[in-house]
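Listed below are the residues making up each chain.
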Number of protein chains: 2
Amino acid sequence: MKPVKVAVCGLGTVGGGVFNVLQRNASEIARRAGRPIVVEQVATRNLNPSCDTSSVYVCQDVLEVTENPEIDVVVELIGGYEAAFELVMRAIKSGKHVVTANKALIAVHGNEIFQAAREAGVVVAFEAAVAGGIPIIKSIREGLTANKINWVAGIINGTGNFILTNMQQAGRSFDDVLAEAQALGYAEADPTFDVEGIDAAHKLAILSAIAFGVPLSFDKVYTEGISRIDIEDIRHAEELGYNIKHLGITRRTENGLELRVHPTLIPKDRLLANVHGVKNAVMVHGDAVGPTLYYGAGAGAEPTASAVIADLVDVARAMGSDQESRVPYLAFAEQADDLPVLPMEDIETAYYLRLLAVDRPGVLARVATILSEQGISIEAIIQKDVSEGELVPIILLTHRTREAAMNEVIRQLESLSDIAGGVMRIRVESLNDQ
Amino acid sequence: MKPVKVAVCGLGTVGGGVFNVLQRNASEIARRAGRPIVVEQVATRNLNPSCDTSSVYVCQDVLEVTENPEIDVVVELIGGYEAAFELVMRAIKSGKHVVTANKALIAVHGNEIFQAAREAGVVVAFEAAVAGGIPIIKSIREGLTANKINWVAGIINGTGNFILTNMQQAGRSFDDVLAEAQALGYAEADPTFDVEGIDAAHKLAILSAIAFGVPLSFDKVYTEGISRIDIEDIRHAEELGYNIKHLGITRRTENGLELRVHPTLIPKDRLLANVHGVKNAVMVHGDAVGPTLYYGAGAGAEPTASAVIADLVDVARAMGSDQESRVPYLAFAEQADDLPVLPMEDIETAYYLRLLAVDRPGVLARVATILSEQGISIEAIIQKDVSEGELVPIILLTHRTREAAMNEVIRQLESLSDIAGGVMRIRVESLNDQ
């Protein structure tokens, strides 16, 4: 069969990986795809020293590839919003298929992009946008089609997991490990997107849309990062039998969808609690299949290239099928409008609270009373011994309750004269994988 | 679009699950597939009390469905070899697509079945044949197409994993836990297929073919079960930092493919070492993506139905594509013939050995000399204290070596007058997942 001709736009880390893996594994990929996949053009401002581009046409202007009649598929790896959005829309309007690793682009502009792609009859594929090399989009969108999905929970930001893992294993501070992650190239100079959960929120918005058949709703994701996590919290969690992980969670409830990114205590014996370093893992719970888990590299040149190229092979196949037989962009032919995203006050979970109390009789009773008045049961309490006159750390683990009730508890606790400073709150999920 | 009409053959555990999930999740499945998937006919000798078949045409003779012009897809869930083979071949020759959960059928007759299907232009899908509800066939065949696969290692028999988990956690004997597994319905009255590794060998043959692009070679799988594993071995392994799991392993080496099913010591901190109970998990290591892992229910009515129905949705889509654009049955359009299966003597791994020695001076030196003469280094030795006059258990952990060298070591050890009885040998794999 005729080769599929590809334009690689952006020859940075991921672009270089795609270029090199397509060359190195060309014959194996062609044997799988039933035809060669050939890089016909590269658009990049800077060449990548790891790539031998001597026999490929290289241009500087990415938009040039949309005018090249030879190109079947445009691979968008320039990142960011505006230039990427323009490139993708121009490619679609030129009748070219698109493969992208750009989660921000899909999470924010996906609804519009897919609408344009549907009208132009082209594929837009984005496996690499979530969890790097793990085929999680394919697994949910095609592998679990029999299921009503109950929930999805994942470690979907490798930088954050690297930081939490190193804090826990080496007893180091957040700032200290962040600096190391930056030196290793795992974190950007401005680490906001990773450590404040925005990157995870982009990915969670995509996972939620394909799991539940709802429109992309990035703007409705509750997002909390890991920068407030103290090594003390990690140690208390361990003592209680938990590890702290930064999770994206989306769950179907009777009233709507939970959609939230935040640090989470997970029981130590869960597989998710044992995913360490820069690795990613996503649990998907379906009503028929039960719990399933997908693990692997969430970033890096070749793992991300693995996902981009798998999309290229899928596009090559889709070129031989009629449009209505293709897998819908967001898993469902039409998005449901009867599953609103719940406000954070309406979600239900268990909680870890850490507070500093003045060492006075009756403090614990006052704390317990406030929880009890909101109907919240306490599962465990740790009260640490301190020298006389010091503030006493109290750690509480509660049973499940509504976030609104917990907000009220925290408001009341923080207004007690016995309690110094703010209350640290971390959510707790059981995420049973058996 | 026009509904896809399905005949479900066999209404036992899995058939009942497929029937019920197709009804319960009909609207969600139709929204994903772009068209309804409808059970038009059921062929079964015995009705399943969990299924309301009142509005479906039920026949007794499975071959009848191949004559029904209304049927698009035949779902083979009768199990076994001969009747299933006849049904599938008749369905293919009648131009019907086939979905099956039958690993024995695919592992043994797959090459012939796919040849017939290619000629008839129909799909034969078998996601449910390996690791139940986990979309592992799809992940390897479509999700990792960019990769040269290095190795695949999996816990692919839930019964065996249930037995090993319970032996370890409760300190019980193999026979005792097997009896419980039989009472719970996890093991058959004749447990040979599960506990002697034949079921795992069927699945491994399929995984190896799709990972490496080679023909199905079930008859070349080295197969060793778990019935010889003693609780003592599990305890010694724990002391050395390992859990014992029953694995299927296939690895690409310079000289050919390793293809083997046997109990294996895995370092305790690996994710695979922490897969417990009846659950399955498969690690796939690709040259671009690195290690990935897929976890979930490996058996049971609805998890298996999840995989069968995902195949039905894929078949529904494939009906709208030209044949050469479909995913090849065994992942590659053509099977390579330059990757022979290595004889077991040529595989390389590390070893755990347990022997019983007479309590005499110099025994350990004689044992160590035998290993050293074969060029094998010892990583760890445990020699247990015993009362005077008793036989002394010696446990050895070796570095990697060729199986042939280890066979020679064991032959020499067993001929020593100091050593009582046979030598217990369990292979050790590091299976790095970082």
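Conventions and cut-offs
- Residues numbered from 1 in each chain as written.
- Chains lettered and ligands numbered in written order.
- Predicted model: local features only at pLDDT ≥ 70, side-chain atom pairs only at ≥ 80, totals over all residues.
- Heavy atoms only, no water.
- Helix = DSSP H or I, 4+ residues; strand = E, 2+ residues; numbered from the N terminus.
- Expected span 1.5 Å × (residues − 1).
- Contact = heavy atoms within 4.5 Å.
- Least-squares fit on C-alpha atoms with pLDDT ≥ 70 in both.
- Core = buried A, V, L, I, M, F, W, Y, C linked by side-chain atoms within 4.5 Å.
- Buried < 20%, exposed > 50% of the residue type's maximum accessible area, 1.4 Å probe, protein only.
- UniProt positions renumbered as here; feature names shortened; annotations may be inferred.
- Axes fitted to C-alpha atoms, helices over the stretch in contact; angles between N-to-C directions.
- Left-handed = near helix turned anticlockwise from the far one by under 90°.
- Nonpolar A, V, L, I, M, F, W, Y, C, P; charged D, E, K, R; others polar.
- Polar contact = N/O pair within 3.5 Å; in protein donor to acceptor, adjacent residues only side chain to side chain.
- 1 Å grid on protein atoms, 1.4 Å probe; cavity = no way out; pocket = protein on both sides within 12 Å on 5 of 7 lines; lining within 4 Å.
- Points joined across faces, edges and corners; volume = space filled by probe spheres on them.
- Domains from an automatic or database assignment.

### Concerning helix 3 (residues 82-93) of chain A
Residues and elements named next belong to chain A. Over its 12 residues, helix 3 runs 16 Å from end to end, which matches the ideal 16 Å to within 8%, given 1.5 Å per residue. Along its buried surface, helix 3 packs onto strand 1 (4-9), strand 4 (73-76), strand 5 (97-100), helix 4 (103-120) and strand 6 (124-125). Among the residues trailing helix 3, Gly95 stands out with phi positive, at a value near 80°.

### Comments concerning the relation of the copies chain B and chain A
Applying a rotation about an axis and a shift along it to one chain copy brings it onto the other copy. Placing chain B over chain A gives an RMSD of 0.0 Å and needs a rotation angle of 180°, together with 0.0 Å of translation along the axis. In the structure described here, the two chain copies are related by an operation that fits a two-fold rotation axis. Scanning chain B for the C-alpha nearest the rotation axis identifies B:Ser321, at a separation of 1.9 Å. Same-surface contact between copies: 100% of interface residues of chain B are shared with the interface of chain A.

### Considering the nonpolar core
Soluble, globular proteins show a tendency: their nonpolar side chains are buried together. Ranked by internal contacts, the top residues of the largest apolar core, which has 127 residues, are A:Ile92, A:Ile136, B:Ile92 and B:Ile136. When neighbours within four sequence positions are excluded, B:Ile92 is seen to be in contact with B:Val98, B:Ile113, B:Ala116, B:Ala117, B:Ala120, B:Val122 and B:Val124.

### A look at the UniProt feature "domain: ACT" (unreviewed entry) in chain A
Here the UniProt feature "domain: ACT" (unreviewed entry) sits at residues 352-428 of chain A. Annotated as 31% helix and 40% strand, the span residues 352-428 of chain A places its first and last C-alpha atoms 7 Å apart.

### Remarks on the packing of helix 1 (residues 13-24) of chain A against helix 11 (residues 301-318) of chain A
All names here are of chain A. It is at 8 Å that the axes of helix 1 and helix 11 come closest, and there the two elements cross at 65°. As helix 1 runs across helix 11, the sense of the crossing is right-handed. Of the residues in helix 11, those touching helix 1 at Thr13, Val14, Gly17, Val18, Val21, Leu22 and Arg24 are Ala301, Glu302, Thr304, Ala305, Val308, Ile309 and Leu312. Tallied by class, residues from the contact of helix 1 with helix 11 come to 9 nonpolar, 3 polar and 2 charged.

### Considerations on the UniProt feature "active site" (unreviewed entry) in chain A
Residue and element names in this part refer to chain A. Per the UniProt record, "active site" (unreviewed entry) is annotated on Lys203. Structurally, Lys203 can be placed in helix 9 (residues 198-212). You can call Lys203 buried: its relative accessible area is 4%. One polar contact links Lys203 to Asp199, side chain to side chain, over a distance of 2.7 Å.

### Points about empty space enclosed by the protein
Tallying each qualifying case throughout the model produces 4 cavities of 30 Å³ or more. One number sums up the size of the largest cavity: a volume of about 90 Å³. Forming the walls of the largest cavity are A:Gly143, B:Ala125, B:Phe126, B:Glu127, B:Pro135, B:Ile137, B:Lys138, B:Arg141, B:Glu142, B:Ala310, B:Asp311 and B:Asp314. The biggest single contributor to the lining of the largest cavity is helix 5 (residues 136-143) of chain B, with 4 residues. For the lining of the largest cavity, a count of residues per class yields 5 nonpolar, 1 polar and 6 charged. One number sums up the size of the second largest cavity: a volume of about 50 Å³. Lining the second largest cavity are A:Ala125, A:Phe126, A:Glu127, A:Ile137, A:Lys138, A:Arg141, A:Glu142, A:Asp311 and A:Asp314. Those elements giving two or more residues to the lining of the second largest cavity turn out to be helix 5 (136-143) and helix 11 of chain A. Partitioned by chemical class, the residues of the lining of the second largest cavity number 3 nonpolar, no polar and 6 charged. Both domain 1 (4-133 + 301-325) and domain 2 (136-297) of chain A contribute no fewer than three residues apiece to the lining of the second largest cavity.

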